[in-house]
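# Commentary on secondary and tertiary structure
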Amino acid sequence: CLEQLTKELRPEVEACLKRRDELQEKVDAFYERSKAAGTDCATKEFRPQCKAFLKEIGYLEDDRGPVSISTQFVDPEIALVPAPQLVVPSDNARYVLNAVNARWGSLFDALYGFDIIPSTSIQLGSSGAGFDVATVSGPAPPVSGYNPVRGKAVIEFANGLLDEIAPLATGCWAEVTRLWPQFVGQQQQLVLLLKSGETTSLKTPSLFVGSVGSLGPPSAHSSGAAVAVPVATNVSSPSLPDEGRIFLKHNGLHLVLEIDHEDPIGKSSLSGIKDITMEAALTAILDMEDSVSAVDADDKAKVYTNICGVMRGSLEAPFVKDGKTLVRRARPDIWLRDEKGDAKALPGRAVCLVRNVGHHMFTDMVLCDGRTVPEGFVDCLVTTAAALQDLRGTGLVVNSRLGSVYIVKPKMHGPREITLTNSLFGRTEEFFGLRRDTIKMGIMDEERRTSVNLRECIRAASSRVFFINTGFLDRTGDEIHTCMVAGPVVRKADMKKEPWIKAYEDSNVDIGLHSNFQGRAQIGKGMWAKPDSMLAMLEAKIAEPMAGASTAWVPSPLAAALHSIHYHRVEVPQRQMQLAMRPPASVNLILEPPLLKVKLDAHDIEEELRESAQAILGYVVRWVDLGVGCSKVPDLQNVGLMEDRATLRISSQLLANWLHHGLVTESQLRGTFAEMAKVVDQQNARDNAYRPMCANLDDNIAFQAALRLVLDGRKAPNGYTEFTLHDARRKAKSLFSSRL
């Protein structure tokens, strides 16, 4: 099959890649001619001429009008329920299982473990799930073990959140002392006892959807029979301990109230709620691309093994906790008794999507006629083969309950490349004997030519597209590369203020909504890049569901639990209906290049140079020497930032742009990289596996690769970093193995 696919479709892959290069050459030449004629490419007056040129060369294609997708058999976690999406490198089994299990996450752990709860403050007199912070006088809270001050603040936050999501008919959650299900006619409702002795219910009783465990009203009888509670009863200290789980459902997502009055945390909560388990990452992308370092057959075998293990339900990852060796596995389904008393199971795991590599990658792990083959072809075949047990129902778990295979395809440039992917998926289905359109396509809207032709891209895969996503990191890298010759671009921190990026984000939503995505497919937004800054994420990331996104990427399971709060606060389908009535975003703004309008001073240039050089080196050295594709790299202020090839593409392309236009010199660049190598070495000094760069910069493979990304950045196809990284990693693996 691979041989036949390669013979049939390789010529089209090569033609598409050649077309990319030809268009970029024409764009570069256009900017060169315009500048030679005295035109300032940064002015708005130049935009109509530029757009006309892009239309002339076929970069901007004809819009053939509205399109409506017809994708079928899409799981509700994708089509119907807005929720967070976790992206995970597929070469690490433990991380993969964490992502698969991130469908359910502890709210208390997420609140307690991050900066949402101030380390030296408590919440006083708060209303809602927020904080009115007052500084605590006296000794500082304990720095190890359980901190009851933080624990109290977590409970207050949780009560406030429940008041938002599931308000009571009377009273508030902070006054609840006990709660239990009770049949009213043929259906159970949730009864809550307040500290006043009054019983109440949910303001919206239908939010209660089930329970598990021994839960009932307080009683003086050892039998635990439910009796009426006199007002004189000491209801704040129930006579019978109860333990169980209450299931609520709001905006399509479940919340599980974990109740145990005997638990140390439950004792500190009047209601006995020791935790709230949030239904969080309904979907997880198992990434074969930007977040992994897989450069040869051995590396890809590890990736493929993990993908196959997930689809079979057999993947395991041993780990050590408190001196004991444990094994992490995929979470089983969760059973409960629903509001009618019937047994019901909720999926225990996220629905897994697999991101394959782009069309520009070739591999020698398999040869056809002595030549390398498109790596994405191998990825597609292995992903589909891995999913066969899921499709046939012979695995230990179920991934897609509706019998689909979900492949996210990155780095596609325009409708022709989407058509190529559609052909690849169709031929793969024929080989495995699958129903047409079993393999669903996720389109990463992360390349400029896809953004400005997105409707036509969707049309090319209208029967199988399940996902569009604004990958703003890669999209920024491609934006810089496309206008490389036009002039110097703005600083990274200023990029989000540029007109093109808001128009791009809005256009993705507009086109998705007008292409019948609502109720059929996901509209996604990008990653939160500061994994330790959860307070900032909680404040900022609500903007994504407000922008009409039905999902957005998060960097960890606990971040998913926190981001799920936003989907309770925003009713996304209703918000999408509102946004569908606005005028569509203008392609003219998307085509506005992010060029400097005002000359930067020397301090700003030096600051950006140092920050970018440090970020490049911090990521590249771990990629090349350690094979780590996604790292939390500390910046110059030692704030950990998630870095992958997409962020590397931005930093390297920005410096290549500034080098080309003379904002920095090669000598200045080399000197700053040498200076930042010392910083990066110091930041990694505690890592025993780390190999310092500064011992010999001239011969250090990682350092030289980082420099080459900038020095050769203008000529790198579309500004991609993969080719330089793969070459350096293979050299490093060969060197290190020869020393063993």
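Since we're looking at a predicted model, the values are computed, not measured.

How each quantity is defined
Residues numbered from 1 in each chain as written. Predicted model: local features only at pLDDT ≥ 70, side-chain atom pairs only at ≥ 80, totals over all residues. Heavy atoms only, no water. Helix = DSSP H or I, 4+ residues; strand = E, 2+ residues; numbered from the N terminus. Rg over C-alpha atoms; globule rule 2.2 N^0.38 Å. Contact = heavy atoms within 4.5 Å. Areas by Shrake-Rupley, 256 points an atom, 1.4 Å probe, with all protein chains shown as cover. Pairing = 2+ DSSP bridges. Axes fitted to C-alpha atoms, helices over the stretch in contact; angles between N-to-C directions. Buried < 20%, exposed > 50% of the residue type's maximum accessible area, 1.4 Å probe, protein only. Salt bridge = Lys/Arg side-chain N within 4 Å of Asp/Glu carboxyl O. Parallel < 35°, antiparallel > 145°, perpendicular 65-115°, else oblique. Nonpolar A, V, L, I, M, F, W, Y, C, P; charged D, E, K, R; others polar. Polar contact = N/O pair within 3.5 Å; in protein donor to acceptor, adjacent residues only side chain to side chain. pLDDT = per-residue confidence, 0-100. Core = buried A, V, L, I, M, F, W, Y, C linked by side-chain atoms within 4.5 Å. Phe/Tyr/Trp six-rings, centres within 6.5 Å; stacked < 30°, edge-to-face > 60°. Lys NZ or Arg CZ within 6 Å of the ring centre and 35° of its normal.

Our focus in this paragraph is the overall build of the chain. Helix and strand counts for the chain come out as 24 helices and 26 strands. Whereas a compact globule of 740 residues would reach a radius of gyration of roughly 27 Å, the chain reaches 28 Å, a difference of no more than 12%. Overall, the chain is about 90 × 65 × 60 Å in size when its C-alpha atoms are taken along their principal axes. Nonlocal contacts in the chain, meaning residues at least 24 apart in sequence, comprise 74% of its contacts between residues at least 6 apart. Only carbon and sulfur atoms are counted for the fraction: they give 52% of the accessible area of the chain, which is about 29,600 Å².

Spatially, 1-12-17-20-21-22-23-24 is the arrangement adopted by the eight strands of the closed barrel, whose pairing is parallel. Ignoring which end each strand starts from, the neighbouring axes of this sheet average 30 degrees apart. Of the strand pairs in this sheet, strand 22 (residues 465-469) and strand 23 (residues 522-527) are connected by three bridges, and their pairing is parallel. Following the sheet pairing, Ile468 is matched in strand 23 by Ile523.

Right, let's get into unusual backbone geometry. The phi angle of most residues is negative, glycine excepted, and most peptide bonds adopt the trans form. Within the chain, Asn251 stands out as a residue other than glycine whose phi angle is a positive 50 degrees. Mapped onto the elements of the fold, Asn251 is located in the loop between strand 9 (243-250) and strand 10 (253-260). Not every positive phi belongs to a glycine, and Lys411 is a case in point at roughly 55 degrees. On the secondary structure map, Lys411 appears in the loop between strand 20 (405-409) and helix 10 (415-432).

Next up on the list: the pairing of strand 24 (residues 551-554). Taking every second residue as pointing to the same face, both faces of strand 24 are buried, with Thr551 and Trp553 on one and Ala552 and Val554 on the other. Pairing of strand 1 (residues 85-89) with strand 24 involves two bridges; the strand directions are parallel. Pairing of Leu86 across the sheet is with Val554, part of strand 24. Pairing of strand 23 with strand 24, which is carried by three bridges, proceeds in the parallel orientation. Considered in strand 24, the bridge of Gly524 is made with Thr551.

Restricting attention to buried positions, one finds in helix 23 (residues 701-711) the residues Ala702, Phe703, Ala705, Ala706, Leu707, Leu709 and Val710. Buried residues along helix 23 sit against helix 20 (602-626), helix 21 (645-660), helix 22 (666-683) and helix 24 (722-738).

Now for the pattern of salt bridges. Under the defined criterion, the tally for this structure stands at 57 salt bridges. Measuring nitrogen to oxygen at the nearest pair gives 2.6 Å for the salt bridge that ties Asp506 to Lys502. In this pair, Asp506 and Lys502 both sit in helix 14 (residues 499-513), four residues apart, roughly one turn of the helix. Note on Lys502: relative accessible area 58%, which makes it exposed. A salt bridge links Asp506 to Arg582, with the shortest nitrogen-to-oxygen separation between them at 3.9 Å. With Asp506 in helix 14 and Arg582 in the loop between helix 18 (572-579) and helix 19 (587-590), this pair connects stretches of sequence that are 76 residues apart.

Two strands pair when backbone bridges link them, and strand 13 (residues 317-321) and strand 14 (residues 324-328) are joined in this way by five bridges, in the antiparallel orientation. Across the sheet, the residue bridging to Pro318 is Val327, located in strand 14.

To continue, consider the packing of helix 1 (residues 2-36) against helix 10. Between helix 1 and helix 10, the shortest axis-to-axis distance is 10 Å and the interhelical angle comes to 170 degrees. Regarding the angle of helix 1 to helix 10, the classification is roughly antiparallel. Every residue of helix 10 that contacts helix 1 at Gln4, Leu5, Glu8, Leu9, Glu12, Val13, Ala15, Cys16 and Arg20 is listed here: Arg416, Glu417, Leu420, Ser423, Leu424, Arg427 and Thr428. Broken down by class, the residue content of the contact of helix 1 with helix 10 amounts to seven nonpolar, three polar and six charged.

Turning to the side chain of Arg103, a few remarks are in order. Considering the arrangement of structural elements, one finds Arg103 in the loop between helix 4 (93-100) and strand 2 (104-106). A polar atom in the side chain of Arg103 sits 3.2 Å from the backbone oxygen of Arg349. What Arg103 contacts, discounting residues up to four positions off in sequence, is Glu77, Met278, Glu279, Ala280, Ala281, Leu282, Pro347, Gly348, Arg349 and Ala350.

With that settled, the discussion passes to the sheet that holds strand 9. Sheet architecture is open: seven strands sit in the order 2-11-10-9-8-15-16, paired in antiparallel fashion. Among the strands making up the open sheet, the edge pair consists of strand 2 and strand 16 (343-346). Going from strand to strand, the sheet's axes swing by 30 degrees on average, the running direction of each strand aside. Bridging between strand 9 and strand 10 involves eight bridges; their strand directions are antiparallel. From the neighbouring strand, Lys249 faces strand 10, where its bridge partner is His254. Contacting strand 9, strand 10 and strand 11 (273-279), helix 6 (residues 148-165) crosses the sheet at an angle of about 50 degrees to strand 11. Helix 17 (residues 557-569) rests against strand 2, strand 9, strand 10 and strand 11 of the sheet, and its axis sits at about 80 degrees to strand 11.

Another point: the environment of Cys483. In this fold, Cys483 is placed in the loop between helix 13 (472-482) and helix 14. Overall, Cys483 belongs to the buried group, its relative accessible area being 2%. Sequence separation between Cys483 and Asp28 is 455 residues, and the spatial gap between their C-alpha atoms is 7.5 Å. With sequence-adjacent residues up to four places away left out, Cys483 is seen in contact with Tyr31, Val489, Pro593, Pro594, Leu595 and Asn657.

Right, let's talk about the confidence of the model for the chain for a bit. Should the pLDDT be low somewhere, the predicted coordinates at that spot are not to be read in detail. The predicted model of the chain has a mean per-residue pLDDT of 93, with 94% of residues at 70 or higher. Counting interchain partners and residues more than four positions distant, the pLDDT-below-50 stretch residues 220-238 has 23 contacts.

Right, let's talk about the nonpolar core for a bit. Within the largest apolar cluster, 115 residues are counted, with the highest numbers of intra-cluster contacts made by Leu107, Trp173, Leu248 and Ile276. Counting residues in each nonpolar core, the second largest holds 70 residues, with Leu600, Ala613, Ile616 and Ala728 among its members.

Okay, the environment of Glu198 next. By secondary structure assignment, the location of Glu198 is in the loop between strand 6 (187-194) and strand 7 (199-201). Setting aside chain neighbours within four positions, we find Glu198 in contact with Thr170, Leu192 and Leu193.

To continue, consider the packing of aromatic side chains. One pass over the full model with this rule turns up nine aromatic pairs. Members of the aromatic cluster, connected to one another through ring pairs, are Phe30, Tyr31, Phe46 and Phe53. A cation over a ring is seen here: Arg435 above Phe73, with NZ or CZ 4.2 Å from the ring centre.

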